[in-house]
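Coordinate analysis (summary)
Listed below, chain by chain, are the residues.
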Amino acid sequence: VLAAHAEPSFFSTLQGPIQDVIAPGHWVGQLAGINSKTDRWEFADSSPEEVSGALVSVLEGLTPDRRAKLLMPELRIARADAS
């Protein structure tokens, strides 16, 4: 599996520094670690169905408080596949 890679556009290279000056809250919080969190999930040698099932299980198991923190208070999961 290859990681997706895309070069930023010309507009993005101009917009980023300007936005950092105008709204330092976007990067100051990440620098201080107060508004960023990373969860790493690894699905080595798993089929798409197994990965999907694992994600559904995790998302359905979230508490209402955690859903609110993730801005997902009304999370609904529907099955969608090619069949």
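Described in the following lines is the structure provided in the data block.

Rules and cut-offs
Residues numbered from 1 in each chain as written. Predicted model: local features only at pLDDT ≥ 70, side-chain atom pairs only at ≥ 80, totals over all residues. Heavy atoms only, no water. Helix = DSSP H or I, 4+ residues; strand = E, 2+ residues; numbered from the N terminus. Buried < 20%, exposed > 50% of the residue type's maximum accessible area, 1.4 Å probe, protein only. Patch = residues over 30% accessible without salt bridge, like charges linked within 9 Å, V, L, I, M, F, W, Y side chains within 5 Å. Areas by Shrake-Rupley, 256 points an atom, 1.4 Å probe, with all protein chains shown as cover. Salt bridge = Lys/Arg side-chain N within 4 Å of Asp/Glu carboxyl O.

**Re the overall build of the chain**
Secondary structure summary: the chain contains four helices and zero strands in total. Helices and strands appear in the chain in the N-to-C order α-α-α-α. Taken over 83 residues, the chain has a buried fraction of 4%.

**Re a nonpolar patch on the surface**
On the surface, Ile18, Val21 and Ile22 cluster together to form a nonpolar patch covering roughly 350 Å² of accessible area. Note on Val21: relative accessible area 68%, which makes it exposed.

The analysis is restricted to geometry; functional conclusions fall outside its scope.
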